[in-house]
Amino acid sequence: MRSKNPANFGILVQFIDNYIDSHGRSPSTQEIAGGTGLSPATVSRYLSHMRENGMIDYSGHRNIVTKRNSIRAAKTNSVPVLGTVSCGIPKFAEENIEDYVKLPVALFGKGDFFLLRASGNSMIEAGIDDGDMVLVKRQDYAQPGQIVVALMDEEATLKRYFPEPKAGLIRLHPENKELDDIIVKSCLIQGVAVNVIKGLS
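Residues numbered from 1 in each chain as written. Predicted model: local features only at pLDDT ≥ 70, side-chain atom pairs only at ≥ 80, totals over all residues. Heavy atoms only, no water.

1. Some points on the nonpolar core
Soluble globular proteins tend to bury their nonpolar side chains together. In this structure, Leu12, Ile16, Ile32, Val43, Leu47, Ile56 and Ile64 are the most contacted members of the largest nonpolar core, which totals 16 residues. Where this core is concerned, the elements lending two or more residues are helix H1 (6-23), helix H2 (29-36) and helix H3 (40-52). Of the residues forming this core, the biggest block, 6 residues, is contributed by H1. Setting aside residues no more than four positions away along its own chain, Leu12 makes contact with Ile32, Leu38, Val43, Tyr46, Leu47 and Met50. Counting 15 residues, the second largest nonpolar core, distinct from the first, contains Leu82, Met123, Ala156 and Leu158. (Core = buried A, V, L, I, M, F, W, Y, C linked by side-chain atoms within 4.5 Å. Buried < 20%, exposed > 50% of the residue type's maximum accessible area, 1.4 Å probe, protein only. Helix = DSSP H or I, 4+ residues; strand = E, 2+ residues; numbered from the N terminus. Contact = heavy atoms within 4.5 Å.)

Here's what the structure looks like:
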């Protein structure tokens with residue numbers, strides 16, 4: 001086996017850290033090679049050596065974890081931004097990940113979350129305004145009165161959830177006194193809203 005230049009270990013770790021910061025995921029071997037000028041075979045050999053010596057956690061795919069990111073991951077939660085959810089007329093929430101953001105666990109807790117951008121004014125009396133980022137805990141159930149992302153015929157909306165089992169209906173309540181409830185026979189709950197992130201105007 002060819003000798004290894006110790007300086008390259010630092011170059012690889014720095015590239016991986018920077019890539020994860022920018023993209024929210026680990027780079028592939030090809031991406032590391034392209035970013036460091038090393039050949040893919042050399043990168044693979046170095047990664048194996050670094051794993052064997054406890055410098056990184058690496059299973060042979062893209063989930064490379066450096067010591068710095070291991071510490072950071074324990075303190076933050078990487079959350080995907082999935083697009084827009086309607087707070088007015090229901091519309092489809094595209095499941096295309098636009099970006100990842102890291103949220104501090106100390107403020108938002110740990111869990112399976114995603115972020116949606118609110119659109120419309122139907123939830124303004126709950127403090128959710130047009131353009132706000134809504135943090136949603138991914139789950140397929142909710143308690144009466146919780147604000148949920150509800151999917152109806154491939155259209156998603158953010159409303160307060162009130163099941164009415166005796167009537168066989170679900171009432172989705174907007175937090176805007178000028179708007180009427182949406183009454184449906186069924187809907188799929190995609191998650192429960194747990195926090196709102198606002199920009200400063």
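Once you've had a look at it, read on.
2. Topic: the pattern of salt bridges
All chains considered together, the criterion is met by 7 salt bridges. When the shortest N-O distance is used, the salt bridge between Arg138 and Asp112 registers 3.4 Å. Of the two residues, Arg138 is situated in strand S6 (residues 133-138) and Asp112 in the loop between helix H5 (105-108) and strand S5 (113-119); the sequence distance between them amounts to 26 residues. A salt bridge links Arg171 to Glu164; the nearest nitrogen and oxygen atoms lie 3.1 Å apart. By relative accessible area, Arg171 is classed as partly exposed at 23%. Connected through shared salt-bridge partners, Asp129, Asp132 and Lys198 make up one network. (Salt bridge = Lys/Arg side-chain N within 4 Å of Asp/Glu carboxyl O.)

3. Things to note about the environment of Gly127
With respect to the helices, strands and loops of the structure, Gly127 is situated in the loop between S5 and S6. Judged by relative accessible area, Gly127 falls into the partly exposed class, the value being 29%. It is 9.7 Å that separates the C-alpha atoms of Gly127 and Lys198, two residues lying 71 residues apart in sequence. Leave out the neighbours within four places in its chain, and Gly127 touches Asp132, Val196 and Lys198.

4. Some remarks on the packing of aromatic side chains
Counting across every chain of the model gives 2 aromatic pairs. A ring pair is formed by Phe15 and Tyr19, whose centres lie 5.9 Å apart and whose planes are at 40°; its orientation type is tilted. Residue Phe15 and its partner Tyr19 are located together in helix H1, separated by 4 residues, close to a single helical turn. Exposure class is identical for Phe15 and Tyr19. Each is buried. (Phe/Tyr/Trp six-rings, centres within 6.5 Å; stacked < 30°, edge-to-face > 60°.)

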